[in-house]
Amino acid sequence: MIMKISGFDMEIDINNEKTNILLISDSKLFGRICFDLTRNNDENIVFVLDNKIVNTKDILIISDIMNFDINNKMIISKLYNQMSNDLISDSDIENEIKKHYIEIVKKIYDEVDNYNVDININEELDFIKLFKMMGVEIHNSYDCLINKIIDLLEIYFELCNQTIVFINILNYFSNEEINEILKYIGYKKISVLFLENSYNKDVYFENKYVIDDEFYDYIVHNNKK
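Computed from a prediction, not measured in an experiment: that's the story for all the values here.

Observations concerning the nonpolar core
Okay, so step 1: Leu152, Leu153, Ile164, Phe166, Ile181 and Phe194 are the most contacted members of the largest nonpolar core, which has 43 residues in total.
Okay, so step 2: At the level of secondary structure, the elements contributing two or more residues to this core comprise strand S3 (20-24), strand S6 (60-62), helix H2 (73-89), helix H4 (127-134), helix H5 (145-159), strand S7 (164-167), helix H6 (175-188) and strand S8 (192-196).
Okay, so step 3: For this core, the element with the most residues is H5, which contributes nine residues.
Okay, so step 4: Not counting residues up to four positions away in its chain, the partners in contact with Ile181 are Ile146, Ile149, Ile150, Leu153, Phe173 and Phe194.
Okay, so step 5: Leu29, Val54, Ile61 and Leu193 belong to the second-largest nonpolar core, a separate cluster that totals 25 residues.

Okay, here's the thing in C-alpha cells:
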C-alpha cells in the first residue's frame, strides 16, 4: 500500500514486511493531514495498491486509541458473518444447532396454545439474528492499553485484513511496549503506519518517513531493531 500526500514527492510505502512511521514536524501540516484522514478526504491524500486507488474509507484510521470501540458496527458485522459462514460450512454443527432451535420453536408453540391467539414464528434459523439476540461481542475489558492494541491488531488481522494508520499513539507506550507492538505487527505481517507529530523513543523503525519543519520530505531506512 502506497500513501501519497499532495504537495510532496515522497511515496510512503506502508509495507507489511517492515515497520513504518511517518513523522510530520510542522503542527499545522500534521493537523491538516490528520483532519483529511479522519474525514476520508481523498483530494489531499491518496492510497494506491497495485496501481489502483484505494478509497480512504477502506483504510482503518485510529486517532483516539483510548476510546476506540473494538465492538464497532463494522467489526461486529464481519464477526457475525464469519461465524455464520463457519457454522454453515460444518454441516454437523449446523444441524445440531438447528435441531435445538426447532425444539425451542416447538416449546414456544406449546406455550402459545394456552392463549387464544394466533402467532407466526420464523422456523428458519438465521445465525446472524441469533448472534444479535445473544449479544455476541468481543471481550473488551483491559487492564492496560497495550493489551487493547494487541487485541485490536489481532481482530483486524483475522476479520478485515485492512491497512491501519495509528495517529499519535506512541507516547502512550514505553520503549519495551513499542518493541512488543512492532514484533507482533511483524509476526502477523500487518500493514501498519504510525503517524506522529514528534518521536523521541529509542525504538527504530525500518522505514522512517519524515516531513520536517522546512517541509523537506525524506526517507530513512534503518535495519536496526
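Don't stop here, the text continues.
Brief notes about the packing of aromatic side chains
Okay, so step 1: Summed over the entire model, instances satisfying the criterion amount to six aromatic pairs.
Okay, so step 2: With 6.4 Å between their ring centres and 25 degrees between their planes, Phe127 and Phe131 make a pair best called stacked. Here Phe131 and Phe127 lie together in helix H4, a separation of four residues that amounts to about one turn. One exposure class covers both Phe127 and Phe131, and it is buried.
Okay, so step 3: A centroid spacing of 5.5 Å and a plane angle of 20 degrees characterise the contact between Phe166 and Phe194, whose relative ring orientation is stacked. Residue Phe166 is found in strand S7, and its partner Phe194 is found in strand S8; the two are separated by 28 residues along the sequence. The same class applies to Phe166 and to Phe194, which are both buried.

Definitions and limits used
- Residues numbered from 1 in each chain as written.
- Predicted model: local features only at pLDDT ≥ 70, side-chain atom pairs only at ≥ 80, totals over all residues.
- Heavy atoms only, no water.
- Core = buried A, V, L, I, M, F, W, Y, C linked by side-chain atoms within 4.5 Å.
- Buried < 20%, exposed > 50% of the residue type's maximum accessible area, 1.4 Å probe, protein only.
- Helix = DSSP H or I, 4+ residues; strand = E, 2+ residues; numbered from the N terminus.
- Contact = heavy atoms within 4.5 Å.
- Phe/Tyr/Trp six-rings, centres within 6.5 Å; stacked < 30°, edge-to-face > 60°.

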